[in-house]
Structure formats: structure tokens, C-alpha cells
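Structural characterization, general
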Amino acid sequence: MEQLWSDLRLFREAFVGGAIAAGLLAFLGLHVVLRRIVFVGIALSQWAAVGIAFSFLAQSIALFDESHVLGVCRNHWVMAAVGEGLGLLLLLRGDERVVSREVRIGIGWAVAGALSVLFVAQSPVGMEELKNLLTGEALFIDRSGLLLLGATAALVLVPGSLFLARFLLVAFDRDLAVSLGVRVAVWDALFYLLLGLTLAVTIHLVGVLFAVAFLVIPPAAALSLARRQWTLVLVSAGIGVGSWIAGFVLSHRLDLPVGHAAVAVAGLVFAVARGVRALRRGA
Amino acid sequence: MNVPLLRLEGVALGWGRRRLLEGIDLEVARGEYLGIVGPNGSGKTTLVKAVLGIHAPLAGTIRWAGGGARPRFGYVPQRDQIDPIFPFTALDVVLLPLAARHRLRARPTRADRRDAREALERVGLADQADVRYARLSGGQRQRVLVARALAVEPEVLVLDEPTSGLDLGSAGRILDLVDALRRERGLAVLLVSHDLTLVAQRAGRVLLLHEAGWLSGPTSEIVEGERIGRLYGDGVRVLESDGHRVVVVVPRAGG
């Protein structure tokens, strides 16, 4: 136990940062699951990874010298946002009757995965960096990463909570929202902006696997357990944070990678939640 | 006739380059009951969605009273458009448009809850308020959607096949309620339906959409035997019973 407290002190920023990332992803993920855009979320995270991978490559190309305006391409955050913007354009625009969104998501996800590998393979840091990006290194969140996560959480949670009813209305019944004079395009844009920001920051700090898992699993588990809108939000965020804490403790006890342990715990919580739901229905 | 609440001028509607309807000129006044009928694919739902602002017209304009602010719409969509993945109760569904009126408020107010419960009571679902929407029967879901439309205190009520899946008694009660509100509050009603009998009995005026164009006029002129037979087929007849028009399909001999 003493060793755990000592590790907690040592990895204080990582522990708090991981909890913020897990809670934030679980909060926003509820909308992702309800809008049935889980694969948009997964593909978007892959496109953020393309942007970050390109930023690694740019660091070895003279054209992207820091003194030049194109030097901005060396910045991980900027390029993650650019990657997501590109991904959103490819995923959401286009004629549904010619190529369905599902097909575009599949193509976008595969191409983005390939581009990430190709960009990083050509960069001086190489495949090790890509591996970190995909598998995540939540334990390496430092003070600046923690501050960034805190700022992102504030930027996302405040509008996400204040406008929860509007976001739900637009997701639940777009036609009704339009008939009431709600500008659905504006609310959609705000939602994707918040989602893009969250994914860009969390993927760089905790990895693609962690980000995607916490975007999907806690909300899916919460939907099996809770009914009221705000209870759902709180249960989803609670499962996210709780799974992270349990994963952290488990990784300490069994010497496991912390991100993977947290994802496994979240998966277990989901299975239990489904069991509870089945029991309730049977009762 | 009252001042028009809604005016369509030369409106053309369709998808991409395909035009479904062209040159529609139409006025709807406060307190008016307009039935919108036509065969499958004639553009009934597309037309009401244009009125609601969901589809932009390909040509022409849609104006509100005196060129002023958009009226408050109550909209009852076709029931199968609602996604059952949302874990909402009947009360939540009615609360959504009420809560969304507030710009900077995370939760519905007490007044919102009261209004939502009152709307559910009007459609006879007060005791189902806390039941999950997805678990309600088809008819109950339809009544929840009617309650949701009424809760926003609309000036124009748009109903798209509101009685589909309802038994005759429930359908009658819902339409009686709509009638009463129209008379009390001067509500304009746009009713889209395949059920010509229902439209003939309720609507004062009918807009009939068909492949070759559209027709609008008093119900007695539009829902008329020869015209309906021509549009829907020889077997479709309009009968009179106790002063009401009833549209029936007569089986073919030997069929």
C-alpha cells in the first residue's frame, strides 16, 4: 500500500491527467454513442494520428523549418487539428446515394492508418514514436500535459453541460430541432469542434487505443445502467474515471501497462453492466 | 378569411435536380385545417418539411405572416423516425423542445416539467410519463409525439401521418383534441395523411398532390368521386354516409 502511495506521488500528474482524460472522453462519448457515430470517432482519432505523424516527419524536412511559416507543421497539436479537419471533410461530405458514409469511414480509417505508418517511417524518430502514439503512455503525462488536459476539459465540459439539452435535441430529432428554429448546422459544428479538440489532445497524451476505448465503453455501459439524462452523463463519466483508477491500481499490483489495464477494466464494467441490465429485464 | 399565417409563392421542391413539385401557391390562415393528400411519393412529406424549414425549396419563397417572425411550429413526424437507442422516458421526449428553449440552462425548469406533464395528460398518458419511450406501444409513442408538439404551444401544428398505428378510438381522440385546440387557440393545422376519409372528415381545405401537379380547394370539391377514382384507380370510390364522405376501395369482381 505504501508503495502505491509513493507511486501515486511520483506519477501524480499522470494519475490526475489520466482521470481527466477518461472522464472527458466518457462525457463526450455519450453523444458519440447516441448519435451512432462511433466509427466517425474512431476514424477521426486515426486522422488526428496522421496529423501528429506528419508533424514528426516535418521535423526532418527543410521546407518546414521553424523560421518559415510552414514551420507550424512541426507542431503536434496544430497538425492533429489539421488531420481531424481533413478527416471530417472526407467523412461527412459527399453524396450518400453514391458512396455511403460507412464506406467513406472505412476507406478513411484504412488510408489514415497507412499514412500514419508511412509518415513516421520516414521521420527520424521512427516507428517507436508511432507505437507510443497508438498504445499510449498515460504515465508520461507531465505538468504541461496536465494543464493542457485541464484547459481542454474546461473548454469542453462547460458548453457540453450548459447546452446538453440542445445537443440532445439535435441528436435525437434533427427535424424537430429545425422546426423549432434551432440552427442544427451550428450545433453540429460545435459538437465536432469539441470532439476534435478532445481527441487531438487525448490521443497525443494517452494514445489512440485509450481515447477510442474511453469514448465508447463507459457511455455504452452507462446506457445499460442509467435512464435519466443527467444520471447518464454522471454514470458515464464516473465509469470512465473509476476504470482509470482501478486500472492504475491493477497495473501497480500486477506490473501491467496502465492504459491497457484501464481499458480492460472498462470492458469488464461494460460486461457487468450488460449483465445487470439483463437481470433487471428478467426480474 | 383570416390574415394568412403562411404563404407559399411559386414553390418548387425536389431532390438534387429532380423536381417533385412545381409552382405551388398556397396560403394557410390562423385556425385553418389543411389536409395534404396524394399517392406515395407525391411529395407530401417533402412539402411539410419545406414549410418547417427542414428542406430548402428549389425555387419560390415561403413567407410568414406579414413577412415577420417565423411562427412557432409543433411537429409530429412519422413515428419510425425516432431512434430507440436514446434512453428517454415519455416525459424526457416531451421536455426536449421545452428545455432547448433556454439558451444557458443545463436542466429543464420546474415550469418546463409542469408543461410537459400537462401535455402528456392531454393525450391521456399522464401515468406513462416515467416509462421509457422505446418500451411504449406504437400508439402510445404517437401520442407522446403529439404531446411534444402541443407542449411548445404552437401556432402551426404539422402532423405527418399522426394516426398510423393507432386504433380507431385513439386516433379519434387525438384528432378531436387537435380540433378543439384549433378552435380554442386559432391553431393552423397541416395534416398529411394517406387516409382520405380522415382528411375528408376533418380538414376544411385539401391540397392534393399528384404526378401531374397539385390541386387545392374546399374538401368537398377535392375529395370527389371521379377525381379520386382517376388518381388512385378505378376501385377507389367516395361514398356519402350521414353527411360524411367515406373513401373506400371496392374489391374487383372475382378478386
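Residues numbered from 1 in each chain as written. Chains lettered and ligands numbered in written order. Predicted model: local features only at pLDDT ≥ 70, side-chain atom pairs only at ≥ 80, totals over all residues.

Looking only at helices and strands, chain A has 13 helices and zero strands in total. Reading chain A from its N end, one meets helices and strands in the order α-α-α-α-α-α-α-α-α-α-α-α-α. For 283 residues, the compact-globule formula gives about 19 Å, and the C-alpha radius of gyration of chain A, at 19 Å, lands near that figure. Looking at chain A as a whole, 48% of its 283 residues are labelled buried. Looking at chain A alone, contacts between residues at least 24 apart form 75% of all its contacts between residues at least 6 apart. (Helix = DSSP H or I, 4+ residues; strand = E, 2+ residues; numbered from the N terminus. Rg over C-alpha atoms; globule rule 2.2 N^0.38 Å. Buried ≥ 20, exposed ≤ 12 C-beta atoms within 10 Å, placed from the backbone. Contact = placed C-beta atoms within 7 Å.)

A separate point is the overall build of chain B. Of the regular secondary structure elements, chain B holds eight helices and eleven strands. Relative to its length of 255 residues, chain B is compact, with a C-alpha radius of gyration of 19 Å against a globular reference of 18 Å. Overall, chain B is about 55 × 45 × 35 Å in size when its C-alpha atoms are taken along their principal axes. A buried classification covers 38% of the 255 residues belonging to chain B. Put simply, 65% of the contacts in chain B that link residues at least 6 apart link residues at least 24 apart.

It is worth spelling out the sheet that holds strand β5 (residues 73-76) of chain B at this point. Residue and element names in this part refer to chain B. As summarised here, the arrangement of the six strands in space is β5-β6-β7-β3-β8-β9, forming an open sheet in which the pairing is mixed. Of all the strands in the sheet, just β5 and β9 (213-218) have a single pairing partner and so form its edges. Direction aside, the axes of adjacent strands within the sheet are offset by 15° on average. Sheet topology note: the β5/strand β6 (residues 156-160) ladder contains four bridges and is parallel. By the bridge assignment for β6, Y75 is matched with V158. The sheet contacts of helix α4 (residues 138-151) involve β5 and β6, and relative to β5 the element is tilted by about 175°. (Pairing = 2+ DSSP bridges. Axes fitted to C-alpha atoms, helices over the stretch in contact; angles between N-to-C directions.)

Residue and element names in this part refer to chain B. Taken in spatial order, the three strands of this open sheet run β2-β1-β4, and their pairing is antiparallel. In the strand order of this sheet, the two ends are held by β2 (18-29) and β4 (59-64), each with one partner. On average, each strand axis in the sheet is tilted by 15° relative to the strand beside it, whichever way the strands run. Inspection of the sheet shows strand β1 (residues 4-15) paired to β2 by eight bridges, in the antiparallel sense. Within β2, the residue paired with W15 across the bridge is R18.

The side chains of a regular strand alternate, first on one face of the sheet and then on the other. For strand β10 (residues 236-241) of chain B, a buried count of zero out of six residues is recorded, marking the element as mostly open to its surroundings. Hairpin remark: β10 of chain B followed by strand β11 (residues 244-249) of chain B, antiparallel, with two residues in the connecting loop; positive phi at D242 of chain B, about 50°.

What follows concerns the interface of chain A and chain B. Contacts between chain A and chain B engage 23 residues on the former and 24 residues on the latter. Looking at the side of chain A that touches chain B, the elements with two or more residues in it are α7 (143-162), α8 (164-172), α9 (174-179) and α12 (229-254) of chain A. By residue number, the principal contributor to the side of chain A that touches chain B is α8 of chain A, which donates six residues. Considering only residue class, the side of chain A that touches chain B consists of 14 nonpolar, four polar and five charged. (Nonpolar A, V, L, I, M, F, W, Y, C, P; charged D, E, K, R; others polar.)

Here the focus is the confidence of the model for chain B. Detailed conclusions should not be drawn from predicted coordinates in areas where pLDDT is low. Averaged over every residue, the pLDDT of chain B is 85; the share at 70 or more is 93%. In the model output, the complex is listed with pTM 0.80 alongside ipTM 0.80. (pLDDT = per-residue confidence, 0-100.)

What follows covers α8 of chain A. Most of α8 of chain A is tucked away, with nine of its nine residues classed as buried. The complete set of buried residues in α8 of chain A reads L164, A165, R166, F167, L168, L169, V170, A171 and F172 of chain A. Where α8 of chain A is buried, its residues meet α2 (12-34), α7, α9, α10 (184-206) and α12 of chain A together with α2 (90-99) of chain B.

Looking now at the environment of D142 of chain A. Residues and elements named next belong to chain A. Position of D142 relative to the elements: it lies in the loop between α6 (127-135) and α7. What makes D142 exposed here is the crowd of 12 C-beta atoms within 10 Å. Separated by 129 residues in sequence, D142 and E13 have C-alpha atoms that sit 5.7 Å apart.

Turning to the packing of helix α11 (residues 208-225) of chain A against helix α13 (residues 258-282) of chain A, a few remarks are in order. All names here are of chain A. It is at 9 Å that the axes of α11 and α13 come closest, and there the two elements cross at 20°. Here α11 is positioned roughly parallel relative to α13, judged by the angle of their axes. In the packing of α11 onto α13, the handedness of the crossing is left-handed. Each of L209, F210, A213, F214, I217, P218, A220, A221, S224 and L225 in α11 lies in contact with α13, whose residues at this interface are G259, V263, A266, G267, V269, F270, A273, R274, V276 and R277. (Parallel < 35°, antiparallel > 145°, perpendicular 65-115°, else oblique. Left-handed = near helix turned anticlockwise from the far one by under 90°.)

This next bit is on the packing of α2 of chain A against α12 of chain A. Residue and element names in this part refer to chain A. Contact geometry of α2 with α12 gives a least axis separation of 8 Å together with a crossing angle of 145°. The handedness of the crossing between α2 and α12 is right-handed. Residues F15, G18, A19, A22, G23, L25, A26, F27, G29 and L30 of α2 pack against L232, V233, S236, A237, I239, G240, V241, S243, W244, I245 and F248 of α12. For the contact of α2 with α12, a count of residues per class yields 15 nonpolar, six polar and no charged.

It is worth spelling out the nonpolar core at this point. Ranked by size, the top nonpolar core spans 166 residues in total, and within it A211, F214 and A266 of chain A together with V94, A147, V158 and L190 of chain B carry the most contacts. Here this core takes 14 residues from α2 of chain A, the largest share from any one element. If we ignore the near neighbours within four places in the chain, the residues touching A266 of chain A are A213, F214, I217, P218, I239 and S243 of chain A. (Core = buried A, V, L, I, M, F, W, Y, C linked by C-beta atoms within 7 Å.)

Positive phi is not limited to glycine here, since D255 of chain A has a value of about 55°. Even without a glycine there, the phi angle at E153 of chain B is positive, about 50°. Note on placement: E153 of chain B falls in the loop between α4 and β6. Residue E153 of chain B is classed as partly exposed on the basis of its 13 C-beta neighbours within 10 Å.

All right, on to α2 of chain A then. All names here are of chain A. Relative to the 33 Å expected for 23 residues at 1.5 Å per residue, α2 spans 33 Å between its end C-alpha atoms, a close match to the ideal helical length. The axis of α2 is deflected most strongly, by about 30°, at L28. Counting buried residues in α2 gives 19 out of 23 residues, a clear majority hidden from the surface. Positive phi appears at R36, one or two residues downstream of α2, with a value of about 55°. (Expected span 1.5 Å × (residues − 1). Bend = angle between axes of the 7 residues up to and from the residue.)

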